[in-house]
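Geometric and topological summary
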Amino acid sequence: MEEVARFIKAWIIAIICLCYCYYTTAKIPKGILRLLSLLPVVYIFIILPFNLTSVHLCSATTFPLVWLANFKLLLFSLDHGPLSPPPPKLLQFILLACLPIQLKTKNNSNPSPQISLFTSYYYIHLMHPYVVFALYCAHTYLELEFVLAIFGVLARALFGFELDRQFDEPYLSSSLQDFWSRRWNLAVTSILRSTVYFPTRYFFKRIIGSTGATLVAVMASFLVSGLMHEILICYVTHVSPTWEVTGFFVLHGFCLAIEVAVKKVVRDRWRMPVIVSMPFTMGFIATTSFWLFFPQILKNGIDDKIIRELLNIVDFIKGTN
């Protein structure tokens, strides 16, 4: 209960800060003055998750505030992004700042995982390590879908909002570009495009040309994504970063940049068959994840904490039935 109280306190402070942004900074002209008025909020959002020890509660605070809200507020300082112009209602502003949502009326259904996936953790000690690894991959994907589906129901019920589609069958990706640009974690992809990719490409285009600027922008986007993931893990583990996760994203950015360059050279003259490219792409992602992404999670026992928290939730649900 003490952890829940800290979680509630953090979000009360965050909501107060967003009220300040809505009623005060929105009235300040865009540019350096609005940015300066937002910097204290950015700082507060950075330090808020430090008192949380639960993996789920810490993640549910860090990702919406440290990543989404801060990046959207930086765009807001320039009068860009989903917060510009500010929506007519305060609660709409708060939801747009913290969640990957946009105003639209089209109804999209998000699949939700079955609780049976989580109950399989009761038997994890009987599983082969590679099976456990595959289970973690499925867990990462399905839990994000599940959480976002809940947010989608609430946003739709309150304001008719719809979540940006977070995933588009990523297991069918036929290339790294297809996976990262069009299928995986699309809300974050959209934020990175606005805050990193487009400004970087615009700046370097005048120096090294369009092709070179695109490659630099891709690498910059993956570097920022890697650093943000590294920060998120530091919030949860409270240990110094090992930079393995950053290395994972830098490696993927480098490989994707090569892929984009090769595609521009060969164009439509040659294309790898999907039956070959799909397993090759997913195999590369799985292998590099096992090598660079998951070790930091496993070494710090985050997986054990997640499993314990989930099994407590499952036991609670069973007990209420």
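Since we're looking at a predicted model, the values are computed, not measured. (Residues numbered from 1 in each chain as written. Predicted model: local features only at pLDDT ≥ 70, side-chain atom pairs only at ≥ 80, totals over all residues. Heavy atoms only, no water.)

1. Examining the confidence of the model for the protein
A residue-level look at the protein finds 78% of positions with pLDDT of 70 or above and a mean pLDDT of 83. Model confidence for the protein, summarised as mean pLDDT per element, is weakest for helix 5 (residues 116–119) at 54 and strongest for helix 2 (residues 32–47) at 95. (pLDDT = per-residue confidence, 0-100. Helix = DSSP H or I, 4+ residues; strand = E, 2+ residues; numbered from the N terminus.)

2. Here we look at the packing of aromatic side chains
Per the counting criterion, the structure on display carries 18 aromatic pairs. Between F167 and W184 the ring centres are 4.6 Å apart and the planes differ by 65°, which places this aromatic pair in the edge-to-face class. Of this pair, F167 sits in the loop between strand 2 (162–163) and helix 7 (176–183) while W184 sits in the loop between helix 7 and helix 8 (186–237), placing them 17 residues apart in sequence. For W184, a relative accessible area of 17% translates into the label buried. Between Y197 and F198 the ring centres are 5.4 Å apart and the planes differ by 70°, which places this aromatic pair in the edge-to-face class. Positioned above the aromatic ring of F76, the side-chain terminus of R34 is 4.6 Å from the ring centre. (Phe/Tyr/Trp six-rings, centres within 6.5 Å; stacked < 30°, edge-to-face > 60°. Buried < 20%, exposed > 50% of the residue type's maximum accessible area, 1.4 Å probe, protein only. Lys NZ or Arg CZ within 6 Å of the ring centre and 35° of its normal.)

3. Looking at the nonpolar core
Among the nonpolar cores identified, the biggest contains 61 residues, and F45, L65, L73 and W180 are the most heavily contacted of them. Here this core takes 14 residues from helix 8, the largest share from any one element. Excluding residues that lie within four positions of it along the chain, F45 makes contacts with A14, C17, L18, L65, V66, A69, N70 and L73. (Core = buried A, V, L, I, M, F, W, Y, C linked by side-chain atoms within 4.5 Å. Contact = heavy atoms within 4.5 Å.)

4. What to know about the environment of P86
For P86, the position within the fold is in the loop between helix 3 (55–77) and helix 4 (90–98). Accessibility expressed as a relative area gives 33% for P86, which makes it partly exposed. Each C-alpha atom, one on P86 and one on C21, is 10.0 Å from the other, the two residues being 65 residues apart in sequence. Beyond its immediate stretch of four places on either side in the chain, P86 contacts Y22, A26, F76 and F93.

5. Re the side chain of S225
As for its position among the elements, S225 is in helix 8. With near-sequence residues (within four places) excluded, S225 lies in contact with W67, L192 and F249.

6. A short note on unusual backbone geometry
With an omega dihedral of -10°, the bond running from S84 to P85 counts as a cis peptide bond. By the secondary structure assignment, P85 is in the loop between helix 3 and helix 4.

7. Quick look at helix 2
The first and last C-alpha atoms of helix 2 sit 23 Å apart over 16 residues, in line with the 22 Å expected at 1.5 Å per residue. Helix geometry: helix 2 is bent most strongly at L38, by close to 35°, with proline P40 lying one to four residues after it. What helix 2 keeps buried is the set R34, S37, L38, V41, V42 and F45. Looking at the buried residues of helix 2, the elements they touch are helix 1 (2–23) and helix 3. (Expected span 1.5 Å × (residues − 1). Bend = angle between axes of the 7 residues up to and from the residue.)

8. Concerning the packing of helix 7 against helix 9 (residues 244–266)
At a minimum axis separation of 9 Å, helix 7 and helix 9 run at an interaxial angle of 110°. Between helix 7 and helix 9, the angle falls in the class roughly perpendicular. Considering the relative orientation of helix 7 and helix 9, their crossing is left-handed. Note on element contacts: helix 9 touches helix 7 through F248, F249, H252, C255, L256, E259, V260 and K263, opposite L176, Q177 and W180. (Axes fitted to C-alpha atoms, helices over the stretch in contact; angles between N-to-C directions. Parallel < 35°, antiparallel > 145°, perpendicular 65-115°, else oblique. Left-handed = near helix turned anticlockwise from the far one by under 90°.)

9. Topic: the pattern of salt bridges
Applying the stated rule across the entire model yields seven salt bridges. Taken together, the salt bridges that share partners define one network made up of E2, E3 and R6. (Salt bridge = Lys/Arg side-chain N within 4 Å of Asp/Glu carboxyl O.)

10. With respect to a nonpolar patch on the surface
A cluster of nonpolar side chains, V4, I8, I12 and I16, forms an exposed patch at the surface whose accessible area comes to about 350 Å². Note on placement: I16 falls in helix 1. (Patch = residues over 30% accessible without salt bridge, like charges linked within 9 Å, V, L, I, M, F, W, Y side chains within 5 Å. Areas by Shrake-Rupley, 256 points an atom, 1.4 Å probe, with all protein chains shown as cover.)

11. Considerations on the packing of helix 1 against helix 4
The contact between helix 1 and helix 4 brings their axes to 10 Å, and the two run at 115°. Classed by the angle they form, the pair helix 1 and helix 4 counts as roughly perpendicular. You can see that helix 1 and helix 4 cross each other, and the crossing is right-handed. Contact residues: helix 1 offers W11, I15, L18, C19, C21, Y22 and Y23, while helix 4 offers L90, F93, I94, A97 and C98.

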